[in-house]
Amino acid sequence: MIHIYQFHDLNVVLDVGSGAVHVVSDAAAALLRAREDRSSPAGEPFAAEQLNGSVLGATPASSRTNADEFVDGQSLATFSETDLASARGEIAALTAAGLLDAPEMEEDVLSPEDRGAVIKALCLHAAHDCNMRCAYCFADAGGYAGARALLPLETGKRAIDFLLANSGARRNLEIDFFGGEPLMNFEVIKELVHYGRAREKDYKKNIRFTLTTNGLLLDDAKTPFLNEHMDNVILSIDGRPEVNDRMRRTVSGEGTYAHIADKLLRFAEARDAAGKLYYVRGTYTKYNKNFTEDVRYLADLGFHNISVEPAVSDKLEPWALTEEDLPEVFAEYDRLAAFMWEWEQAGKQISFFHFNVDLEQGPCAYKRVAGCGAGTEYVAVTPEGDIYPCHQFAGETDYRIGNVEGCFQNRWFDVFNKAHVFSKDECRSCWAKYYCGGGCHANALRMEGDLLRPHRLSCAIERKRLECAIGLVCARAMTEEISRE
Ligand code: SF4
Ligand code: SF4
């Protein structure tokens, strides 16, 4: 399978089987598109390349009448015989080298179901409470539809013991302090980090700690500890003050921007100085489909590592993104990619999380087909010590799979273990399958009612982001090649 698309003025071809990415001539792109059109008459709904036809100046596939003659509104006859012959040679050479139409991974050779029940990552809910009341919060403003509570120290210690005891031969483990707002329970987090550091030695393991915070309680007193012990800190802010304050509010209903912006920036500067990683993470909704302006705003403030993601909300919510928004959202990712390119060319250091893709190595093969590992190698633990397949399932009693103080019996293991790209119809035929890993289980269940049916809106956005990410890699490679010549 190949995926061919236009990224600004580049014709990008991804060969799904080999993972090779090519920038090809207009004539080669036209020939490959003609071939693809002949072999896939229907096209898929929500495909980025169809919906953003107007952005890229392409003619939607459904309106093409003769793929042999017309490709993206351009007749093959507009290419000279020499160009077409050279393009055919280009395609034949790539195919002969195994870099085009390469066979894909075999499910039986690479079955993610062989992984075994080993846990390597824990989302530790330090607080089921929050000092914010964000409108789009999936976690019921930190309460997860249950009693508000802070993680007791002893329960946290049992959670760490549980991870260590169930990690098999895995040496590197991860614990993410999550909420609600975890800094509401900072003293317990400190104790737990020290406990984890002591226990990891007994087990000859290495625990990587991370933390996600809304920033309200960040202060200079906490920074040295967080810098010493947290490998990554995720800082939540949506961007422009009016965008942030529309959705992210305090308990009393005030906008939070004025309370957090300086704290987050000061903290990010301290992380930079300490050589430690952070990301500011924003959420975009129907209200700020021009989210490039939020990325630009955050970058202008001085943040270097930025992530902005779509809110996944019930269609009935006024801020919910729907399929009608996709053309604008796709166009916005193109704008964002152009903006990122400008910044890179100007020598400014900036990273947009969803445009980071490693085409050389990337995630391990299992992760490529099985995604985040929720319910198998990654679980969440609540302040009551209850264990769930991931943080998004917390509080859904059907999905409770044990307690760190008592028994752990993961009756959902087989279901989650089999929810990989080879077992989902949509994923099997999707060009993005080895990059996305099959999407978010919780979104599939909540939005489509079936763990094996990926959330279509999220898929469309994921594919568009990947196109931009791969396109930027190509643009960099082309620029390097030109500067070498
Ligand atoms: S800060 Fe996070 S947990 Fe708290 S209300 Fe907002 S989204 Fe929910
Ligand atoms: S979950 Fe990922 S691989 Fe599956 S259809 Fe969606 S984008 Fe494609």
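Now for a quick tour of the structure.

Rules of the game
Residues numbered from 1 in each chain as written. Chains lettered and ligands numbered in written order. Predicted model: local features only at pLDDT ≥ 70, side-chain atom pairs only at ≥ 80, totals over all residues. Heavy atoms only, no water. Helix = DSSP H or I, 4+ residues; strand = E, 2+ residues; numbered from the N terminus. Buried < 20%, exposed > 50% of the residue type's maximum accessible area, 1.4 Å probe, protein only. Axes fitted to C-alpha atoms, helices over the stretch in contact; angles between N-to-C directions. Parallel < 35°, antiparallel > 145°, perpendicular 65-115°, else oblique. Contact = heavy atoms within 4.5 Å. Nonpolar A, V, L, I, M, F, W, Y, C, P; charged D, E, K, R; others polar. Near = heavy atom within 4 Å. Salt bridge = Lys/Arg side-chain N within 4 Å of Asp/Glu carboxyl O.

Let us now look at unusual backbone geometry. Gly179 connects to Gly180 through a cis peptide bond whose omega is 10°. Relative to the helices and strands, Gly180 is located in the loop between β9 (172–178) and α6 (186–203). Here Ala141, not a glycine, exhibits a phi torsion of approximately 50°, which is positive. On the secondary structure map, Ala141 appears in the loop between β7 (127–128) and β8 (149–150). Judged by its relative accessible area of 11%, Ala141 falls in the buried class. Positive phi, normally seen in glycine, also occurs at Tyr144, with a value near 50°. Along the chain, the position of Tyr144 falls in the loop between β7 and β8.

Before going further, it helps to examine the packing of helix α10 (residues 292–301) against helix α11 (residues 326–345). As a packed pair, α10 and α11 sit with axes 9 Å apart at the nearest point and diverge in direction by 25°. Taken together, the axes of α10 and α11 lie roughly parallel to each other. Contact residues: α10 offers Thr292, Glu293, Val295, Arg296, Ala299 and Asp300, while α11 offers Glu332, Arg335, Leu336, Phe339 and Trp343. In terms of residue class, the contact of α10 with α11 is made up of five nonpolar, one polar and five charged.

Glancing now at the site of ligand 2. Near ligand 2 the following residues occur: Glu426, Cys427, Cys430, Lys433, Cys436, Gly438, Gly439, Pro454, Cys459 and Arg463. When residues of the shell around ligand 2 are traced back to their parent elements, those giving at least two are α14 (425–428), α15 (433–436) and α17 (456–484). Tallied by class, residues from the shell around ligand 2 come to five nonpolar, two polar and three charged.

Scanning the model with the defined rule gives 29 salt bridges in all. Between Glu154 and Arg158 there is a salt bridge, with its nearest N and O atoms 3.2 Å apart. With Glu154 and Arg158 both in helix α5 (residues 153–165) and four residues apart, the pair spans about one turn of that helix. The class of Glu154 is partly exposed, set by a relative accessible area of 44%. Across the pair Lys190 and Glu187 runs a salt bridge whose closest N-O atoms are separated by 3.5 Å. Residue Lys190 and its partner Glu187 are both found in helix α6; the two are separated by three residues, about one turn of the helix.

All quantities given are derived from atomic positions and should not be read as evidence of function.
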